[in-house]
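# Coordinate inspection notes
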Amino acid sequence: HELQVVHGHFLRVAATAPAPVTVEWMGHSTFQITSSKGTRILTDPHGEFDLPRPTLPQHIVTTSHQHGPHNSVHMAPGTPVILHGLTAGGENWQKVSTTIRDVSVYVVPAYHDKSQGMQRGKNAIFVFRVDDICIAHLGDLGHVLTPAQLKLLGKIDILLVPVAGGMFTVTPDEAVEVTKQVNPRIAIPEHYWWPGGADRFAEGFSKVKQLNGLVLKISKQELPPPTEIVVFAGAGR
């Protein structure tokens, strides 16, 4: 707050609160991230009709790999810029490092498995800088991170972590290890499809917040010290 003098009297003027960034989970690995200026990012669109879907026009759509539940770009309304993390056949990573409207985006190469893609191919981690908050979407990460990957990631504020149990992504225990490697301010478990699917992951941390809904609104100034786990209500496939 600031004090302002008017005709000899002190008036308390409320400081302008920074507009929050909105992170909304739509199930599976799909998030709609909205900047304070209204730029909307849709990650790994799932394409399912029985899960939440975006209704507003999207500006940026990202896909971590070419599997259908992560690559259904047709579910994004509007005429967004589509950023594929991998080439059309999935053989290689796209070189993504760009700024669209008020959002900067880049890709960190990773794998869908523990054998450098020999089983399930490559995976692209997308990092977004939105209102000075750095958000990393791990896609279908299948392994703990290397020192080189951690260096490329940089300082992450919000980490979107798959906990699908080891077949499709890292296990909950490996997700705990990855989160502790990255040391974000907030980690949000996702990509699970059973009630309590995030519980084992959350047990690895002392600070856990359960939300009543599927939306987190937060500004840079409101970020907690590392690391708070934020569990959204409901389970998405």
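Heads up: the structure comes first, above all this text.
Residues numbered from 1 in each chain as written. Predicted model: local features only at pLDDT ≥ 70, side-chain atom pairs only at ≥ 80, totals over all residues. Heavy atoms only, no water.

## A look at the sheet that holds strand 10 (residues 122–130)
Strand order across the open sheet formed by eight strands is 8-9-10-11-12-13-16-14, with mixed pairing between neighbours. Each edge of the sheet is formed by a strand with only one pairing partner; in this case those strands are strand 8 (97–100) and strand 14 (208–210). When strand polarity is set aside, the average angle formed by the axes of neighbouring strands in this sheet is 25°. The strands touched by helix 2 (residues 172–182) are strand 12 (158–162) and strand 13 (186–190); relative to strand 12, the strand with the most contacts, the crossing angle is about 160°. (Pairing = 2+ DSSP bridges. Helix = DSSP H or I, 4+ residues; strand = E, 2+ residues; numbered from the N terminus. Axes fitted to C-alpha atoms, helices over the stretch in contact; angles between N-to-C directions. Contact = heavy atoms within 4.5 Å.)

## Here we look at the pattern of salt bridges
One pass over the structure, following the stated rule, counts four salt bridges. One salt bridge connects Lys 220 with Asp 157, and the closest N-O pair in it is separated by 3.2 Å. Highlighted residues: Lys 220 in the loop between strand 15 (215–218) and strand 16 (228–231) and Asp 157 in the loop between helix 1 (147–153) and strand 12, separated in sequence by 63 residues. The exposure class assigned to Lys 220 is partly exposed, which follows from its relative accessible area of 28%. (Salt bridge = Lys/Arg side-chain N within 4 Å of Asp/Glu carboxyl O. Buried < 20%, exposed > 50% of the residue type's maximum accessible area, 1.4 Å probe, protein only.)

## Remarks on the sheet that holds strand 5 (residues 40–43)
Strand order across the open sheet formed by six strands is 7-6-5-4-3-15, with mixed pairing between neighbours. What marks the edges here is a single partner per strand, and that holds for strand 7 (81–84) and strand 15. Averaged over all pairs of adjacent strands, the angle between strand axes in this sheet comes to 15°, irrespective of strand direction.

## Comments concerning the nonpolar core
Of all hydrophobic cores here, the largest spans 59 residues; its most connected members are Ile 33, Ile 125, Ile 135, Leu 153, Ile 158, Ile 188 and Phe 201. If you look at the next biggest cluster of nonpolar residues, it comprises five residues, including Met 26, Leu 42, Val 61 and Met 75. (Core = buried A, V, L, I, M, F, W, Y, C linked by side-chain atoms within 4.5 Å.)

## Some points on the pairing of strand 12
For strand 12, the buried fraction is high: five of the five residues fall into the buried class. By the alternation rule, side chains of strand 12 split into Ile 158, Leu 160 and Pro 162 and Leu 159 and Val 161, which are all buried. Here strand 11 (residues 133–137) runs beside strand 12; their pairing, made up of three bridges, is parallel. Note that in strand 12 the partner of Ile 135 across the bridge is Ile 158. Handedness of the β-α-β unit built from strand 11, helix 1 and strand 12 comes out right-handed. (Right-handed = clockwise from strand over helix to strand, strands pointing away.)

Any functional reading would require information that these geometric values do not contain.
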